[in-house]
Amino acid sequence: MQRRGALFSVPGGRGSRKMAAGDIGELLVPHMPTIRVPRSGDRVYKNECAFSYDSPNSEGGLYVCMNTFLAFGREHVERHFRKTGQSVYMHLKRHVREKVRGASGGALPKRRNSKIFLDLDTDDDLNSDDYDYEDEAKLVIFPDHYEIALPNIEELPALVTIACDAVLSSKSPYRKQDPDTWENELPVSKYANNLTQLDNGVRIPPSGWKCARCDLRENLWLNLTDGSILCGKWFFDSSGGNGHALEHYRDMGYPLAVKLGTITPDGADVYSFQEEEPVLDPHLAKHLAHFGIDMLHTCGTENGLQDNDINDIKPRVSEWEVIQESGTKLKPMYGPGYTGLKNLGNSCYLSSVMQAIFSIPEFQRAYVGNLPRIFDYSPLDPTQDFNTQMTKLGHGLLSGQYSKPPVKSELIEQVIKEDHKPQQNGISPRMFKAFVSKSHPEFSSNRQQDAQEFFLHLVNLVERHRIGSENPSDVFRFLVEERIQCCQTRKVRYTERVDYLMQLPVAMEAATNKDELIAYELTRREAETNRRPLPELVRAKIPFSACLQAYSEPENVDDFWSSALQAKSAGVKTSRFASFPEYLVVQIKKFTFGLDWVPKKFDVSIDMPDLLDINHLRARGLQPGEEELPDISPPIVIPDDSKASDIDESSVMQLAEMGFPLEACRKAVYFTGNMGAEVAFNWIIIHMEEPDFAEPLTIPGYGGAASAGASAFGATGLDNKPPEEIVAIITSMGFQRNQAVQALRATNHNLERALDWIFGHPEFEEDSDFVIGMENNANANIISEAKPEGPRVKDGSGTYELFAFISHMGTSTMSGHYVCHIKKEGRWVIYNDHKVCASERPPKDLGYLYFYCRIPT
C-alpha cells in the first residue's frame, strides 16, 4: 500500500524521519516559484532521460524537473540541477517483482493491479503471469535529496498537488505533434492483452477473400476473435464497403479487426470498434497465428490481395528469409557495440543507417568521445539539440549499458519452460527520431522511407551542426568530375561537384543466367494463365564488374546548354572521381519506375566484392587535343514568384500518389511553371538523385534564403563564411579574428555557441594549419587552401574493404523492412531492429547500401 505520510530521507546513511505537514510546507516555500503546472502545449518527458536511455524501469528510476518537465536519469540529474538551479524533481520508479506462487506452485488468480498508475511507453506486459509491477512516485528536493512520498494530498500545498497530478496524468510528448506525423502514435488497444479468440478451427487462406455477408472483395477486415471476414465502411480508407464488419461487432461485441492486405512483418492496420479508432496490437503476431497467418511470410498490397495473387509472393518470401537469415539459429550478441534499436513503426531505415554510422571511428570520436563537453554545453532543452541527441544515441549503442546478457537464473528458467529465447530489449530512438525528422514531410511520418535518402538527410544535419573544427561527415565527402561533350561542336566542359555516395546502376542486360530467367518468365506466365502454382523463384545474377562498367559509361544529356551554340544542345556526360573519400558508400540503384510510372524493384543478386579497387575511375582533367567550351552562363529563367501561392495542387497530388515526397512534388510543379503532372514528372526524374530532393520548397521573397538542403549539397559547394558583424562582436571582446571565424563556422554562425566553443578550445592557435576546403564559386567548385573551416576532402587511394551493408526487403522503398550487417572483431553481425546476433550467412549479394573503408597504403 502506498504510504501517505511525508518521509524525508537523505542518502548516505543519514537515515530518515517523518515530518509534520507544516514542516513540509516550510521546506517547499523557497521552491514554490519554480514549481509549474503543465500547460497545454508543454511536453512532459516522464519515460526517457534527455541524455541517456534511463527510464522508470532503470535501477535509479527517472527524475522529472517540476519546472521544465524534462527527465533525467540518476547520472544526469545533478548536471541539470547545477546548470539551471532547479531543485524540485519528481522521481518515478517502476518496480518489477516475481509473482507470489500459490500452494500448488501456480500463480495466484489475477486481479486488477491498482499499483500501476504511470502512463509509460514501455514494453512491459502488465498482465504477465510471472511478474508483479508496482509504480512509485515521490518528490525529491536537491541538493540535500529530501524525499516526499506521493500521493500526499493532506500535507502538500495545493499547487504542488495539482502539479504532481498533472505530471502523472500527462500523455506522451510525442502524441502532441501534427496528426500526420509519426509522433502521433496509435494507442495500444486496451483489449489487446486479454483478447478472447474462439477455438473454432477457422484458418484464413492466403488469397480469395470475400465478405461473409456480401460479394465484396475489397476493404475486408478480419475479426480477431472469431476469424470472420467482413467489409468495412467507405470512410475507413476511402474505399467502398457495406459496413458489415461494424454490424458484426454490434451483434457479437468482438472488438478488434485487422485489415486484410495490410499485414506485413512490420505490422498491420488494426481497428477497435469499441474504442472507435485505429489502435496498436502488441500481440498481433500471436493473434494472427491463431488463424494460421504467419506475419513473417506475409506482404500486403493496397488492393486487398496478397502478393501471391499477383505472382509476387515467392520472391518476397525468399528475400525476407535470406536477408534475415531465417531458419538459422543465430547467437545473440551482447556488450559494447551490440545494442539494438527498437522499431517505432517503420523506423528500421533509421536504425540500420545509425548502426552503420556509429560503427565508424570518426563518428564515435566526434560524439561519444566528446560526451562530457557536449552534455555540459548543451542548451537548456537538450531534447532539441542535434549534437546532444547524436551523442546520446551513440553512447547508447556503444557503451554496452543497454545490452547485457541474461543472468544465469533467467537462462535456467527459460530452459525449464522450453522457451529459450534470450530477450534483447534494445533502446528506443524515439527522441532522436523526433528531432532529426522535425519539419521534414517524409521522415516525420509513420511511413517507411528510403534509407539512402535518410543517410543524406543525416549528413546534411551533421554538416549544419558541426562540433568545433571536427566534421565527421567529411569521411564520406568526395569530388566528382563531370565531363560534358557537346555533340555538335565536340568541345568539352569539366566541372566538379560534391557528393557523398556512389550510385551504381544495375546492369540487367549483363545477367549471367538469362536463359534461366527467360524460362522462368515463360513458366510463370503459363502458371498464371492456367491458375497453377508458381515456379520457384529465379533471381537475376549480375556481375559487379558489369555494374561498375555501367557507372563509367557515357550518359546522354538532352538539355545541355552549349555556350558555343548559345542554345540548348545534346551532349554526352561522363563522371569520374576527382577525389576518393575515406569511407565510400555505394548505393545499388535497385528501384526504378515502370512504363506505368509505378515504382518497382529489381530482384537481383550482385556479387559485391569484399575488396574494391576503383583507382581506374580517377579523374584525368582536360586531355591533350580537347577544346574547352567557352564559360558563358545560359539565360536564367526565374519562376514568377507572384504565382508561388498558385501551385497546381492537383498536379502535386498526382505526383505524390506515385510515391514521391510531397515537397519534391511541390518543387517539381513550381519549377516547371504549373505545366502539368507529366512535365513535372520529368523534372522529378532529373532531380530525384539530388540530396535536397525532398527538402521543403523555399522561394525568394516567400522563405528567404535557399533551403538548408540546397545550401548544404548544392553543386557549387559550401559557403560557410560568417557575417562580418558577428565576427566584429567577438573580436571586440579581445579574441583573435581567426578564433572568431573558426568558432562561428563550427557553430553555424551562432554567437552564443561560438563563445562557448572558444572557451572550450583553449588549445586553439591562430596559425592552425587547416586542410583543403570547399568555397563557393559562381561557376564551379574550387579547392581553396586559404585556411577554410576544416578538412573537407580526405583524398587518398581508391582501394577499399567492405565493413557494413544495409539490405532492403519489400517491393519499394515505401514499404518493407531494412536490416544491417556490420563486420566487427573479424566476424559479421546482423542488426535486425532490437535483435543483434552473430551472422551465419551474411547476404552480401542482396544489399542496397554498402559501406567501404579505405585500405591504408
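Details of the structure are given in the entry above.
Residues numbered from 1 in each chain as written. Predicted model: local features only at pLDDT ≥ 70, side-chain atom pairs only at ≥ 80, totals over all residues. Heavy atoms only, no water.

If you tally the helices and strands in the protein, you get 22 helices and 30 strands. Per-residue burial for the protein yields a buried fraction of 51% across its 857 residues. Across the protein, the fraction of contacts at a sequence separation of at least 24, relative to all contacts at a separation of at least 6, is 68%. Entry remark: accessible area of the protein is about 40100 Å², with carbon and sulfur atoms responsible for 51%. (Helix = DSSP H or I, 4+ residues; strand = E, 2+ residues; numbered from the N terminus. Buried < 20%, exposed > 50% of the residue type's maximum accessible area, 1.4 Å probe, protein only. Contact = heavy atoms within 4.5 Å. Areas by Shrake-Rupley, 256 points an atom, 1.4 Å probe, with all protein chains shown as cover.)

Let us look at the sheet that holds strand 9 (residues 229–231). Spatially, the 5 strands line up as an open sheet ordered 9-8-10-11-12, and their pairing is antiparallel. With one partner strand each, in any of the chains shown, strand 9 and strand 12 (277–279) form the two edges of the open sheet. Ignoring strand direction, the axes of neighbouring strands in this sheet form an average angle of 40°. Pairing between strand 8 (residues 220–223) and strand 9: 3 bridges, direction antiparallel. (Pairing = 2+ DSSP bridges. Axes fitted to C-alpha atoms, helices over the stretch in contact; angles between N-to-C directions.)

Our next topic: a nonpolar patch on the surface. Side chains of Leu 186, Val 188 and Leu 280 sit close together on the surface and give an oily, nonpolar patch of about 240 Å² of accessible area. As for its position among the elements, Val 188 is in the loop between helix 3 (158–169) and strand 8. (Patch = residues over 30% accessible without salt bridge, like charges linked within 9 Å, V, L, I, M, F, W, Y side chains within 5 Å. Salt bridge = Lys/Arg side-chain N within 4 Å of Asp/Glu carboxyl O.)

With that out of the way, let us pick up the side chain of Ser 52. Secondary-structure assignment places Ser 52 in the loop between helix 1 (21–28) and strand 3 (62–65). Looking at Ser 52, its side chain comes within polar contact range of the main-chain nitrogen of Asp 54, at 3.3 Å. Setting aside residues up to four positions removed in sequence, Ser 52 forms contacts with His 76, Lys 392 and Tyr 402. (Polar contact = N/O pair within 3.5 Å; in protein donor to acceptor, adjacent residues only side chain to side chain.)

Taken in spatial order, the 5 strands line up as 4-3-5-6-7 in an open sheet, and their pairing is antiparallel. Looking at the sheet topology across the chains shown, the edges are occupied by strand 4 (71–72) and strand 7 (146–149). As judged from the 4 bridges shared by strand 3 and strand 5 (residues 88–98), these two strands associate in the antiparallel manner. Residue pairing in the sheet places Tyr 63 in a bridge with His 91 of strand 5. Taken strand by strand, helix 2 (residues 77–84) contacts strand 3, strand 4 and strand 5, and its axis lies near 175° from that of strand 5. Packing of helix 3 onto the sheet brings it into contact with strand 3, strand 5 and strand 6 (131–141), and relative to strand 5 it is tilted by some 50°.

Moving on, we get to the pattern of salt bridges. For the structure shown, the criterion picks out 22 salt bridges. The shortest N-O distance in the salt bridge between Arg 477 and Glu 463 comes to 2.9 Å. On the criterion of sequence distance, the pair formed by Arg 477 in the loop between helix 13 (451–464) and strand 13 (478–486) and Glu 463 in helix 13 is long-range, its members being 14 residues apart. Of the residues examined, Glu 463 reaches a relative accessible area of 10% and is grouped as buried. Ionic pairing is found between Asp 603 and Arg 539, a salt bridge with its closest N-O pair at 2.6 Å. Placement of Asp 603 in the loop between strand 21 (599–601) and strand 22 (604–606) and of Arg 539 in the loop between helix 14 (514–529) and strand 16 (540–542) is noted, with a sequence separation of 64 residues between them. Residues Asp 603 and Arg 539 agree in their burial class; the two are buried. Where salt bridges share partners, they join Glu 482, Arg 497, Asp 499 and Lys 573 into one cluster.

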